[in-house]
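Fold and geometry: a report
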Amino acid sequence: MQQLLFICAAKKINMKKFSLTGLVVICLNLCSSFLLADEGMWLPFLIGEKTYQEMVKKGLKLTKDQIYSANKSSLKDAVIIFGRGCTGEIVSDKGLIFTNHHCGYDAIAKVSTVEHNYLKNGFWAKNLNEEIHVPDLTVQFLERIKDVTEKVNSELSKVEPSKTLSELPKILNNIAQNELTESEKQTSCEAKVVPMFSGNQYILFVYKKYKDVRLVGTPSESLGKFGGDTDNWEWPRHTADFSIFRVYADKNGNPAEYSPDNVPLKPKYVIPVSIKGVKPNSYAMTMGFPGGTNRFETSYGVKLKTEIENPSIVELRDIRLKNMFEEMKKSDAVKLKLASYYAGVANYWKFFDGENKQLLKYKVFEQKQNEENKFIEWAKQNNKTEYINLMNEFQQCFDNWKPYTKAAIYFREGILGSQLFSYAYRVFSLLNASKEEIQKNKLNYIELVIELNANIDLPSDKKNTAILLKKYKEDIDPSFVPESIYSNITKDISMTGNDQSSLNAYQNFVSNIYSNTILLNESKFNQWLENPDKSVLQQDPAFQVLNAFYQIYSTKILPENQKFQTCNYLLQQKYQKGILEMNKGKKEFYPDANFTMRLSYGVVKPYSPKDAVFYKEVCTLSGVLEKYKPGDYEFDLPKDFIETATKKDFGRYVDKGINDIAVTYITTNDITGGNSGSPVLNGNGELIGLAFDGNYEALSHKIHFDAQYNRTICVDIRYVLWIIEKIGKADNIIKELKISA
């Protein structure tokens with residue numbers, strides 16, 4: 001693996017003589033722009049002058065230091081990692097947090113009960129004492145960054161290429177821990193080293209983690225999730241996708257475990273709020289933590305995704321969703337139990353379906369092939385021998401993995417798509433653990449089994465498990481099928497081959513598993529932990545079935561997957577190095593998203609997705625009422641909301657241009673999953689909304705950014721404030737904000 005001090009460096013630069021920001025500016029000026037329209041998820045500390053000037057032309061009034069400064073408070077200090085995969089922003093000097101409703105969804109469900117169903121009815125704390133602590137919810141502030149490419153490459157030079165991916169996590173973790181100062185360790189800071197450009201660069205990120213986070217306010221689910229799965233990833237959109245939390249610290253402002261003595265955090269920076277509204281072509285900027293893109297993906301990866309991966313995932317998730325939905329409609333208790341789990345499955349079910357359709361529609365495979373042909377031609381013309389055979393190597397890498405792909409997906413999305421088997425997999429280590437190890441981790445195992453029994457919906461999970469087992473047998477190559485499991489089922493299937501008879505046999509088989517596994521009997525499981533006899537687990541039907549599938553997965557599929565991941569990583573590393581080399585002095589690149597802080601910029605803009613259809617850039621409160629369907633699972637509305645909206649009691653949040661409340665709007669910003677909850681800012685750095693979704697016509701965005709159709713869907717901050725004040729009657733929250741009209 002070649003060592004690069006920095007991606008675009010034309011010659012070796014002494015790191016000690018340059019700040020990271022200064023070095024990056026040099027790098028970006030060497031490279032210059034790969035962009036189409038408003039494409040780009042930029043590391044805010046790497047913004048080059050050309051990119052910054054483009055932002056200024058669109059309406060930015062802030063300096064680069066006001067956006068990101070290593071030494072002074074800046075916008076970056078108010079943008080946080082919320083929970084495990086979202087973004088939030090600090091909007092008051094008392095640590096108040098705005099994020100999406102779907103980001104707070106699990107937390108809201110966790111503190112809800114059937115008697116106090118905050119998910120269903122909403123919640124508004126009128127003072128600090130009424131705020132509800134959410135167990136295990138954390139927020140993280142970015143403290144500092146540092147380029148550690150030399151250190152990582154020095155360690156990797158000692159590793160065989162075939163072991164790169166297996167050794168890399170340990171190397172990155174060791175460097176991250178060694179880079180933490182004693183002061184950072186004492187104040188709950190965490191560090192991680194993240195690869196950029198497929199390992200051509202490595203950057204250390206240090207975060208300060210706060211563990212006392214409390215629910216302050218949320219609209220009812222009927223507002224926060226208005227439109228449900230029908231409107232998910234769609235425009236027009238009328239969802240009040242926001243929730244409100246607060247971060248607490250000890251009296252010295254440091255992270256602390258929950259305590260009644262903790263006080264609201266005094267933040268370094270607070271984002272002001274603007275209710276001036278948006279207009280077509282007005283500036284919009286997001287900052288957040290996009291989870292992952294793969295914009296350097298090859299044509300071979302696109303083909304595998306469109307032909308095998310996405311169709312398989314969509315089909316298997318569709319089965320699970322239908323059975324869960326049928327049970328959720330029957331009672332509020334089941335709906336509350338499955339709410340968060342269902343939402344997670346559903347969100348990316350629709351995404352993978354849309355992604356596949358858009359990749360095919362826009363001929364991304366062909367576009368990638370064209371890019372690859374140009375790359376190879378450049379390599380030949382410039383005698384770059386290390387790249388000339390690169391695409392043939394990619395093809396061989398993918399050809400070797402392709403026969404295993406579907407079986408791998410069916411194990412992860414099918415077998416582990418069963419809630420029972422998913423939890424069995426999480427305690428699977430019990431089969432090989434010593435008695436000492438079991439006792440050491442006893443509480444963890446107990447908590448997992450308690451969690452399983454609290455979260456599982458037996459009727460829907462039994463149906464799902466039966467159907468998923470049946471599909472695995474029917475769809476997967478026999479070499480990956482554990483016949484020992486299916487032999488008992490096939491004996492019970494009628495000789496007529498009737499499909500219902502076949503399904504009944506699977507259902508009977510599954511019913512026996514659920515009736516006899518100790519995982520669904522907490523007292524038996526706890527008794528077993530007192531005297532952990534391995535033979536009991538070996539004879540447990542849930543463990544027997546899972547173990548049969550896992551043995552095939554671990555011995556036949558996983559080794560091939562590890563080979564594939566390693567070869568693809570090393571080839572991608574070389575490919576991205578070559579692309580940067582080919583475009584040096586011509587184009588400016590941003591690394592793929594990887595849940596590190598990113599900035600995107602664009603404008604508010606309508607679009608026309610197909611012939612004779614034109615979508616305006618703003619949705620209104622009137623549109624919410626038009627979609628209202630009394631009693632509907634997705635489009636019902638609270639009575640007080642309808643009454644207030646019908647009276648047109650808009651207050652200072654009215655958009656005078658339309659004489660209505662602007663509910664949502666769309667921008668050309670480039671975002672992806674993880675950006676949920678990101679602040680949407682005007683040119684002055686004022687909060688004008690929260691990003692919460694993308695549009696269906698551009699769901700190819702993880703691999704291919706579509707300059708014509710890509711839109712970010714944002715909830716308008718005026719709608720957020722209107723609901724807080726008029727529906728939630730939470731004037732105390734409004735008074736905390738710095739609002740400019």
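The structure presented is a predicted model; accordingly, all values stated were derived computationally and were not measured.

So, how was this worked out
Residues numbered from 1 in each chain as written. Predicted model: local features only at pLDDT ≥ 70, side-chain atom pairs only at ≥ 80, totals over all residues. Heavy atoms only, no water. Disulfide = S-S within 2.5 Å. Helix = DSSP H or I, 4+ residues; strand = E, 2+ residues; numbered from the N terminus. Buried < 20%, exposed > 50% of the residue type's maximum accessible area, 1.4 Å probe, protein only. Core = buried A, V, L, I, M, F, W, Y, C linked by side-chain atoms within 4.5 Å. Contact = heavy atoms within 4.5 Å. 1 Å grid on protein atoms, 1.4 Å probe; cavity = no way out; pocket = protein on both sides within 12 Å on 5 of 7 lines; lining within 4 Å. Points joined across faces, edges and corners; volume = space filled by probe spheres on them. Nonpolar A, V, L, I, M, F, W, Y, C, P; charged D, E, K, R; others polar. Salt bridge = Lys/Arg side-chain N within 4 Å of Asp/Glu carboxyl O. Axes fitted to C-alpha atoms, helices over the stretch in contact; angles between N-to-C directions. Parallel < 35°, antiparallel > 145°, perpendicular 65-115°, else oblique. Left-handed = near helix turned anticlockwise from the far one by under 90°. Pairing = 2+ DSSP bridges. Polar contact = N/O pair within 3.5 Å; in protein donor to acceptor, adjacent residues only side chain to side chain. pLDDT = per-residue confidence, 0-100. Expected span 1.5 Å × (residues − 1). Bend = angle between axes of the 7 residues up to and from the residue. Arc of directions from axis to C-beta.

Quick look at the state of the cysteines
Under the counting rule described, the total for this entry stands at two disulfides. Covalent S-S linkage joins Cys86 and Cys103, the inter-sulfur distance amounting to 2.2 Å. Since a negative S-S torsion denotes a left-handed disulfide, the Cys86-Cys103 link at about -80° is left-handed. Residue Cys86 is found in strand 2 (residues 86-90), and its partner Cys103 is found in helix 4 (residues 101-110); the two are separated by 17 residues along the sequence. Each member of the pair, Cys86 together with Cys103, is buried. Residue pairing for Cys397: its cysteine sulfur links by disulfide to Cys567, the two sulfurs lying 1.8 Å apart. Judged by the sign of its S-S torsion, about 65°, the cystine formed by Cys397 and Cys567 is right-handed. Of this pair, Cys397 sits in helix 15 (residues 390-414) while Cys567 sits in helix 24 (residues 541-582), placing them 170 residues apart in sequence. Of all cysteine sulfurs in the structure, the one in Cys714 sits closest to Cys619, which takes part in no disulfide; the separation is 11 Å. Cys619 gets classed as buried once you look at its relative accessible area, which sits at 4%.

A word on the nonpolar core
With 200 residues, the main nonpolar core has Phe98, Tyr719, Trp722 and Ile724 as its most contacted residues. For this core, the element with the most residues is helix 24, which contributes 15 residues. Leave out the neighbours within four places in its chain, and Trp722 touches Leu621, Phe641, Thr644, Ala645, Asp649, Phe650, Tyr653, Ile661 and Ile727. Membership of the second largest hydrophobic core comes to 17 residues, among which are Cys189, Val193, Tyr202 and Leu204.

Regarding unusual backbone geometry
Cis peptide bonds are those with omega within 30 degrees of zero, and the linkage from Trp235 to Pro236 qualifies with 5°. At Ser188, a position not held by glycine, the phi torsion is positive, near 60°. Summarising the element assignment, Ser188 is placed in the loop between helix 8 (182-186) and strand 7 (189-196). The phi dihedral of Lys729 is positive, around 55°, even though this residue is not glycine. The topology assignment puts Lys729 in the loop between helix 27 (717-727) and helix 28 (731-736). When its relative accessible area of 56% is taken as the criterion, Lys729 is described as exposed.

Here we look at the layout of surface pockets
Considered as a void within the structure, the second largest pocket measures approximately 1,100 Å³ in volume. Looking at the second largest pocket, it is lined by 35 residues, and the ones nearest its centre are Thr293, Asn294, Glu297, Gln565 and Asn568. Split by residue class, the lining of the second largest pocket holds 14 nonpolar, 13 polar and eight charged.

Some points on the pattern of salt bridges
Opposite charge on two side chains allows them to pair when their charged atoms are near. Considering all chains together, one arrives at 47 salt bridges under this definition. Between Glu131 and Arg246 there is a salt bridge whose closest N-O contact spans 2.9 Å. Residue Glu131 is found in the loop between strand 4 (123-124) and strand 5 (132-133), and its partner Arg246 is found in strand 10 (residues 243-249); the two are separated by 115 residues along the sequence. Since its relative accessible area comes to 9%, Glu131 is described here as buried. The exposure class of Arg246 is buried, given its relative accessible area of 2%. A salt bridge links Glu167 to Lys170, with the shortest nitrogen-to-oxygen separation between them at 3.2 Å. Of this pair, Glu167 and Lys170 are both found in helix 7 (residues 164-179), three residues apart, which corresponds to roughly one turn of the helix. For Glu167, a relative accessible area of 26% puts it in the partly exposed group.

Some details on the packing of helix 11 (residues 299-328) against helix 19 (residues 458-475)
With their axes 9 Å apart at the nearest point, helix 11 and helix 19 run at an angle of 155° to one another. By the criterion of interaxial angle, the relationship of helix 11 to helix 19 is roughly antiparallel. As for the relative orientation of helix 11 and helix 19, their crossing is right-handed in sense. Taken together, the residues of helix 19 that come into contact with helix 11 (itself represented by Glu315, Leu316, Ile319, Arg320, Asn323, Met324 and Glu327) are Pro459, Ser460, Lys463, Asn464, Ile467, Leu468 and Lys471.

Here we look at the pairing of strand 8 (residues 201-210)
Most of strand 8 sits out of view: 10 of its 10 residues are buried. Every second residue of strand 8 is oriented toward a common face, with Gln201, Ile203, Phe205, Tyr207 and Lys209 on one face and Tyr202, Leu204, Val206, Lys208 and Tyr210 on the other, all of them buried. Judged from the eight bridges that link them, strand 6 (residues 139-147) and strand 8 form a sheet pairing that is antiparallel. Residue pairing for strand 8: Leu142 is matched across the bridge by Tyr207. Examined bridge by bridge, strand 7 and strand 8 share eight bridges and lie antiparallel to one another. Note that in strand 8 the partner of Val193 across the bridge is Leu204.

Let's talk about the environment of Thr596
One can find Thr596 in the loop between helix 24 and strand 14 (598-603). Taking C-alpha positions, Thr596 is 9.9 Å from Trp42, a pair spaced 554 residues apart along the chain. In contact with Thr596, not counting residues within four places along its chain, are Leu43, Val194, Met196, Phe205, Tyr207, Gly288, Phe289 and Pro290. Among the polar contacts made by the side chain of Thr596, one reaches the side chain of Arg598 at a distance of 3.2 Å.

Some details on the confidence of the model for the chain
On average, residues of the chain score 92 in pLDDT, and 94% of them reach the 70 mark or higher. This model gives residues 1-36 a pLDDT under 50, and the stretch forms 87 contacts once residues within four places in sequence are excluded.

Notes on the pairing of strand 20 (residues 687-694)
Counted residue by residue, strand 20 has eight buried out of eight residues, so it is predominantly covered. Where strand 19 (residues 679-681) folds back onto strand 20 in an antiparallel hairpin, the turn is made up of five residues, including Gly685, whose phi is positive at roughly 80°. As judged from the five bridges shared by strand 20 and strand 21 (residues 712-716), these two strands associate in the antiparallel manner. Within the sheet, the bridge partner assigned to Leu690 lies in strand 21 and is Val715.

With respect to helix 15
Helix length check: helix 15, at 25 residues, gives a terminal C-alpha distance of 34 Å against a target of 36 Å (1.5 Å per residue), a fit within 8%. Lys402 marks where helix 15 bends most, by close to 45°; the proline Pro403 follows one to four residues later.

Details of helix 7
Taking 1.5 Å of rise per residue, the 16 residues of helix 7 would be expected to cover 22 Å, and the 22 Å separating its terminal C-alpha atoms lies within 8% of that figure. Every buried residue of helix 7 is accounted for by Thr164, Leu168, Ile171, Leu172, Ile175, Ala176 and Glu179. Angularly, the buried residues of helix 7 cover 130° about the axis, an arc narrow enough to put them on a single face. Next to the buried residues of helix 7 lie strand 6, helix 6 (149-156), helix 8, strand 7, strand 8 and helix 24.

Focus on the packing of helix 7 against helix 24
In contact at an axis separation of 9 Å, helix 7 and helix 24 are set at 75° when each is read in the N-to-C sense. When the axis of helix 7 is compared with that of helix 24, the two are roughly perpendicular. Residues Thr164, Leu165 and Leu168 of helix 7 lie in contact with helix 24, whose contacting residues are Gln565, Thr566, Tyr569 and Leu570. For the contact of helix 7 with helix 24, the residue count by class is four nonpolar, three polar and no charged.

So, the environment of Lys72
Here Lys72 is to be found in the loop between helix 3 (64-67) and strand 1 (79-82). The sequence separation of Lys72 and Asp461 amounts to 389 residues, and the corresponding C-alpha distance is 52 Å. Leave out the neighbours within four places in its chain, and Lys72 touches Asp65 and Asp77.

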